[in-house]
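Okay, here's what each chain looks like letter by letter:
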Amino acid sequence: QVQLVESGGGLVQAGGSLRLSCAASKLTFSIYHMGWFRQTPGKERSFVAAISRSGGTITYADDVKGRFTISRDNAKNTVYLEMNSLKPEDTAVYYCAAKLGAIGSNYATINYWGQGTQVTVSS
């Protein structure tokens, strides 16, 4: 079955950086829009960033613009999230998402999810 496997999470101090990766298998990666969401306990999953099939269209949540960068490598079936200038409020479980259509803030329409990777930013 389709698998999205995230990696790269961890503990980092405020102001630091992390790079998340999401490797897809059993998926025709190049026809899926890819994205990242995050979730903290007791809150709904929220949109972080999305990238179109070819990488030509990229969108970000307002609170990560200028700090996070999403990219993809269709030859490696992998999507990345480069996170810089991390803040304690970025602490969350980060989920990779795949969707046949464009990804927006509505997480209910996502076709496939990864298992999540924890990112903790200490102050």
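Here, the structure is the one placed above.
Residues numbered from 1 in each chain as written. Predicted model: local features only at pLDDT ≥ 70, side-chain atom pairs only at ≥ 80, totals over all residues. Heavy atoms only, no water.

Engineer: I'd like to hear about the overall build of the protein chain, residue by residue, with values.
Structural biologist: Across its full length, the protein chain carries 0 helices and 11 strands. Going residue by residue from the N terminus, the α and β elements of the protein chain occur as β-β-β-β-β-β-β-β-β-β-β. Rg of the C-alpha trace for the protein chain: 13 Å, near the compact-globule value of 14 Å for 123 residues, within the 12% margin. Dimensions of the protein chain, computed from the C-alpha atoms along their principal axes, are close to 40 × 30 × 25 Å. The buried share among the 123 residues of the protein chain stands at 42%. Considering only contacts in the protein chain between residues 6 or more positions apart, those separated by 24 or more positions represent 58%. For the protein chain, the exposed area adds up to about 6,100 Å²; of that, 48% sits on carbon and sulfur atoms. (Helix = DSSP H or I, 4+ residues; strand = E, 2+ residues; numbered from the N terminus. Rg over C-alpha atoms; globule rule 2.2 N^0.38 Å. Buried < 20%, exposed > 50% of the residue type's maximum accessible area, 1.4 Å probe, protein only. Contact = heavy atoms within 4.5 Å. Areas by Shrake-Rupley, 256 points an atom, 1.4 Å probe, with all protein chains shown as cover.)

Engineer: Kindly report on the sheet that holds strand β3 (residues 18–25), identifying the contributing residues and their values.
Structural biologist: If you trace the 4 strands from one edge of the open sheet to the other, you get β1-β3-β8-β7, paired in antiparallel fashion. Every interior strand has two partners, whereas the edge strands, β1 (3–7) and β7 (68–73), have only one. Between one strand axis and the next, the sheet turns by 15° as a mean value, whatever way the strands run. Summarising the sheet, β1 and β3 pair through 5 bridges and their orientation is antiparallel. Within β3, the position partnered with glutamine 3 by the bridge is serine 25. (Pairing = 2+ DSSP bridges. Axes fitted to C-alpha atoms, helices over the stretch in contact; angles between N-to-C directions.)

Engineer: With reference to specific residues and values, describe the state of the cysteines.
Structural biologist: Simply put, disulfide is the name for a covalent bond between the sulfur atoms of two cysteines. Under the defined criterion, the tally for this structure stands at 1 disulfide. Covalent S-S linkage joins cysteine 22 and cysteine 96, the inter-sulfur distance amounting to 2.1 Å. Across the disulfide from cysteine 22 to cysteine 96, rotation about the S-S bond amounts to roughly -80°, and the bridge is consequently left-handed. Here cysteine 22 is found in strand β3, whereas its partner cysteine 96 is found in strand β9 (residues 92–99), with 74 residues between them in sequence. Taking the relative accessible area as the measure of exposure, cysteine 22 reaches 1% and is therefore buried. (Disulfide = S-S within 2.5 Å.)

Engineer: Run through the nonpolar core, naming residues and quoting values.
Structural biologist: Core analysis: the biggest nonpolar cluster contains 34 residues, and Met34, Trp36, Val79, Leu81, Met83 and Tyr94 have the highest contact counts within it. Non-local contacts of leucine 81, meaning those with residues more than four positions away in its chain, are made with Leu18, Arg19, Leu20, Trp36, Val48, Ala49, Phe68, Thr69, Ile70 and Tyr94. (Core = buried A, V, L, I, M, F, W, Y, C linked by side-chain atoms within 4.5 Å.)

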